[in-house]
Amino acid sequence: MWKNSLNFIANVLLFILIIITLLGVCSELLFNIVSISRTGVIIFDVLSLLLLMMIMFRKKLYIIYKRNISAKINIIFAISLFIIGIWQLYLVLTISGFSKWDPGNIILQAMEKKQWAGEEYFSYYPNTYFLMLLEHVIWYLIGKPNIEVLTIILNILNYLLIDSGIYTLYRVSKKYINLVVAKTAALLSIIFIGVSPWGCLTYSDPLAFSLSIFSISLLLSLRFSTTNRKYMYSFLIGFLMVIDYLVKPSLVILFIAAIIVTLPLLKELIKSERLSIIIIAMTVMASYGSYLAYRNNNSFVTFDSSKSFSMTHFADMGIKNNGGYSQEDTVRDMQILDSKERQRADIQDWVTEFNRKGLTGYQVFLVKKQILNTSDASFAWGNDGEPFIRPYCKSNFAKLSRKLFIPKYNSALKAINDILWIITLIFMLFSLCAKDWITLLLKYVVLGFALFLLLFEGGRSRYLIQFLPYGFLLSGIGFYKLQKILDERIKLV
């Protein structure tokens, strides 16, 4: 009964949010088609022709898809992976550059150089300190290179993490769900992130994408483990929970969702998995405690916890304008030295803004914000900072990547991404038919992230990157359900 209620609530809310997003993406698609250049039109025509041919020969392609992988397909698969690897290396060499906003602050501080926001930046945004520390360690271990070399190495590591994450996603979803879901989720991950320029940004987004995959993989391994490995999984989950929180606090939504969907079995789990729960709790306390002890007593960066922005600061920004970053609110909160007074000011400001909008006005605002949060299939590449990224490579070797991705996605490529994003969302709608525990968990993770972005700072689809793996898994499950429907219809015919 409780499981059915949870499933019903998730289905209703997700259906509303996905439909809103679909409407927003359709609008984006029309705008991008109108904006396509002549060269873009040719690219779009060729790709549209390929799509039309796939539709025309869908039955044959469907039969091939259903067959077991042959030796020839294995060779094609290996060649495809090689081409993807070469493409990723090309993007790293031609797009890697300096970003003035948060990535710039972090990498300069990691190299012990003066950055424009000052050392207090890490006091205001404590979640960026851990990423800076990782970059500092890498910089030190590879011999303290210049910023160009460090950026390229960090971006190569980005793509290695992305690729290993996609492979892990395929293996785990194949083991715990099915092969169709594994193929679909992996393919979508490659299309939207694997061959995209996002691995060329030295920031937390590509890292968070991989962390989400590793987190769900460990969680499923623990959930269905019947051996002593569960204690190893428990330790790794506890450690990864801390890493997730330090990189992007919103990543812990996965674990909150896991508690919610496990509530009907909570008493039984506490009895049967008491040792695993203790290991997770002890690992979290030991890991996070050690990190705090280092952060608060290091000589590398002076840290003042009283200056850190609380969740009320981000909630206050999340209800204004487009629900995104507000320089005005940030400066105001920086000028309020007392943390409690700052929090009271944020709450009062939020209440004032809510009263100004009214209940119906706030609902309209949330609809607009949901579209801004989720409709851009390039995930707002090029929308943050000015310039978003300044590539180091200036030769003609970078001509193709500049045409496709600098300063923003090419309109034709963006239109293609929009079409693929629409298909992904439609598949997600079919996943609402599934009721198993894994699907229910994925629904609540996606729903939790969507609500988080609606309530706190959002306003752009870059924040989607961190929980794309969960959406791709839901899309794979939806595709599997759709495939079952088609199989039944073919049998009836």
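Residues numbered from 1 in each chain as written. Predicted model: local features only at pLDDT ≥ 70, side-chain atom pairs only at ≥ 80, totals over all residues. Heavy atoms only, no water.

Per an unreviewed UniProt entry, the chain is named Glycosyltransferase RgtA/B/C/D-like domain-containing protein, and its organism is Limosilactobacillus balticus.

Student: Please explain the overall build of the chain as it appears in this structure.
Tutor: Counting its secondary structure elements, the chain contains 21 helices and two strands. Principal-axis analysis of the C-alpha atoms gives the chain an extent of 70 × 65 × 50 Å. Buried positions account for 49% of the 493 residues belonging to the chain. By sequence separation, contacts in the chain at least 24 residues apart represent 81% of the contacts at least 6 residues apart. With the model as given, the accessible surface of the chain reaches about 24800 Å², and the carbon-plus-sulfur share is 68%. Side chains of the chain carry 49 positive and 31 negative charges; the gap between the two charge centres is 12 Å. (Helix = DSSP H or I, 4+ residues; strand = E, 2+ residues; numbered from the N terminus. Buried < 20%, exposed > 50% of the residue type's maximum accessible area, 1.4 Å probe, protein only. Contact = heavy atoms within 4.5 Å. Areas by Shrake-Rupley, 256 points an atom, 1.4 Å probe, with all protein chains shown as cover. Lys, Arg positive; Asp, Glu negative; His and termini not counted. Charge placed at Lys NZ, Arg CZ, Asp CG, Glu CD.)

Student: Help me out: how do you make sense of helix α5 (residues 102-110) in this one?
Tutor: The buried count for α5 comes to eight of nine residues, which makes it a mostly enclosed element. Contacts from the buried residues of α5 go to β1 (97-98), α6 (121-124), α7 (127-141) and α8 (147-176). Once α5 ends, the next one or two residues include Glu112, with phi positive near 60°.

Student: Please clarify how the packing of aromatic side chains should be interpreted in this entry.
Tutor: Two measures describe an aromatic ring pair: the distance that separates the ring centres and the angle between the ring planes. Taken as a whole, this structure holds 32 aromatic pairs when the rule is applied. Plain terms: the ring middles of Phe130 and Tyr291 are 5.8 Å apart, the flat faces sit at 75° to each other, and that makes the pair edge-to-face. Placement of the pair is Phe130 in helix α7 and Tyr291 in helix α14 (residues 274-297), with a sequence separation of 161 residues. Phe130 gets classed as buried once you look at its relative accessible area, which sits at 11%. Judged by centre distance (5.4 Å) and plane angle (5°), the ring pair of Trp350 and Phe354 falls under stacked. Pair noted here: Trp350 and Phe354 are both in helix α17 (residues 339-374), with a separation of four residues, about one helical turn. (Phe/Tyr/Trp six-rings, centres within 6.5 Å; stacked < 30°, edge-to-face > 60°.)

Student: I'm lost on the pattern of salt bridges in this one. Help?
Tutor: Working definition: two side chains of opposite charge can pair if their charged atoms are close together. Within this structure, the stated rule accounts for 14 salt bridges. The closest approach of N and O atoms between Arg462 and Asp205, which form a salt bridge, is 2.9 Å. Highlighted residues: Arg462 in the loop between α20 (437-455) and α21 (468-492) and Asp205 in helix α10 (residues 204-223), separated in sequence by 257 residues. Each member of the pair, Arg462 as well as Asp205, carries the same accessibility label: buried. (Salt bridge = Lys/Arg side-chain N within 4 Å of Asp/Glu carboxyl O.)

Student: Explain the side chain of Asn178 here, please?
Tutor: By secondary structure assignment, the location of Asn178 is in the loop between α8 and α9 (179-194). Overall, Asn178 belongs to the buried group, its relative accessible area being 17%. A distance of 2.9 Å separates a polar side-chain atom of Asn178 from the backbone nitrogen of Val181. Beyond its immediate sequence surroundings of up to four residues, Asn178 is in contact with Ser173 and Tyr480. (Polar contact = N/O pair within 3.5 Å; in protein donor to acceptor, adjacent residues only side chain to side chain.)

Student: Just to check I follow, could you spell out unusual backbone geometry for this structure?
Tutor: Across the chain, the bulk of peptide bonds are trans and the bulk of non-glycine residues have phi less than zero. The linkage connecting Ile406 with the following residue, Pro407, adopts the cis geometry, with an omega of 0°. Secondary-structure assignment places Pro407 in the loop between α18 (399-405) and α19 (411-430). One non-glycine residue with positive phi stands out, namely Glu112, at about 60°. Following the sequence through the fold, Glu112 ends up in the loop between α5 and α6.

Student: Explain the environment of Ala345 to me, please; I cannot follow it from the model alone.
Tutor: Assignment of secondary structure puts Ala345 in helix α17. As a C-alpha pair, Ala345 and Thr283 span 62 residues in sequence and 36 Å in three-dimensional space. With sequence-adjacent residues up to four places away left out, Ala345 is seen in contact with Arg332 and Ile336.

Student: How should the nonpolar core be read in this particular structure?
Tutor: Grouped burial of nonpolar side chains is what soluble globular proteins tend to show. Of all hydrophobic cores here, the largest spans 113 residues; its most connected members are Phe209, Trp421, Leu441 and Tyr470. Residue contributions to this core peak at 13 residues, all from α20. With residues up to four places along the chain from it excluded, the contact list for Leu441 reads Ile216, Leu219, Leu254, Ala257, Ala258 and Val261. In terms of nonpolar packing, the next biggest core, distinct from the first, is built from eight residues, Phe98, Met111, Trp139 and Ile147 among them. (Core = buried A, V, L, I, M, F, W, Y, C linked by side-chain atoms within 4.5 Å.)

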